[in-house]
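# Overview (structure and organization)
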Amino acid sequence: MTGNLDPQDQIKLDTWYHLTTLLDDYHLLAFDPIYQRDQERREEKRRAVMASRDRLVARWQAALGPKWRDALLQQD
C-alpha cells in the first residue's frame, strides 16, 4: 500500500479486511439460524472459519514475530 507506514501498522492495514470478514463469519456461526439447525453445515463452516483464522495468524506471526498479539494490540 504505502511505504511510509511502519511494519506493524502496515500488517494491520493489510489484514483489516480479513479480520473483519473473520469476525462476521464467527457471528454467523454463532447466531445464524441455518447453522443452528444444520450441524453438518455448522461443522463445515466452523472448519472454514478456523482455517481462515490459522492463515491470518500465520501471516501475523511471519510479519510481527512471536509477540504478534502484543504488536496488534499496540496503539500509538
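Our subject in this report is the structure included herewith. On a predicted model such as this, the values are computed, not experimentally measured, just so you know. (Residues numbered from 1 in each chain as written. Predicted model: local features only at pLDDT ≥ 70, side-chain atom pairs only at ≥ 80, totals over all residues. Heavy atoms only, no water.)

## Considering the overall build of the chain
Summing up its helical and strand segments, the chain has 4 helices and 0 strands in all. Going residue by residue from the N terminus, the α and β elements of the chain occur as α-α-α-α. Dimensions along the principal axes, computed over C-alpha positions, put the chain at roughly 50 × 20 × 20 Å. Out of the 76 residues in the chain, the part that is buried amounts to 21%. Sequence separation of 24 or more characterises 51% of the internal contacts of the chain that already satisfy a separation of 6 or more. Looking at the chain as shown, the accessible area adds up to about 5800 Å², and 53% of this sits on carbon and sulfur atoms. Charged side chains of the chain number 12 positive and 13 negative; the gap between the two group centres comes to 4 Å. (Helix = DSSP H or I, 4+ residues; strand = E, 2+ residues; numbered from the N terminus. Buried < 20%, exposed > 50% of the residue type's maximum accessible area, 1.4 Å probe, protein only. Contact = heavy atoms within 4.5 Å. Areas by Shrake-Rupley, 256 points an atom, 1.4 Å probe, with all protein chains shown as cover. Lys, Arg positive; Asp, Glu negative; His and termini not counted. Charge placed at Lys NZ, Arg CZ, Asp CG, Glu CD.)

## Description of the pattern of salt bridges
By the definition in use, this model includes 4 salt bridges. Close ionic contact of Lys45 with Asp25 constitutes a salt bridge, the shortest N to O distance being 3.3 Å. Highlighted residues: Lys45 in helix α3 (residues 39-64) and Asp25 in helix α1 (residues 7-31), separated in sequence by 20 residues. The pair formed by Lys45 and Asp25 is uniform in burial state, with each residue classed as buried. A salt bridge links Arg53 to Asp54, with the shortest nitrogen-to-oxygen separation between them at 3.2 Å. Several salt bridges converge on common partners, so that one network encompasses Glu43, Arg46 and Arg47. (Salt bridge = Lys/Arg side-chain N within 4 Å of Asp/Glu carboxyl O.)

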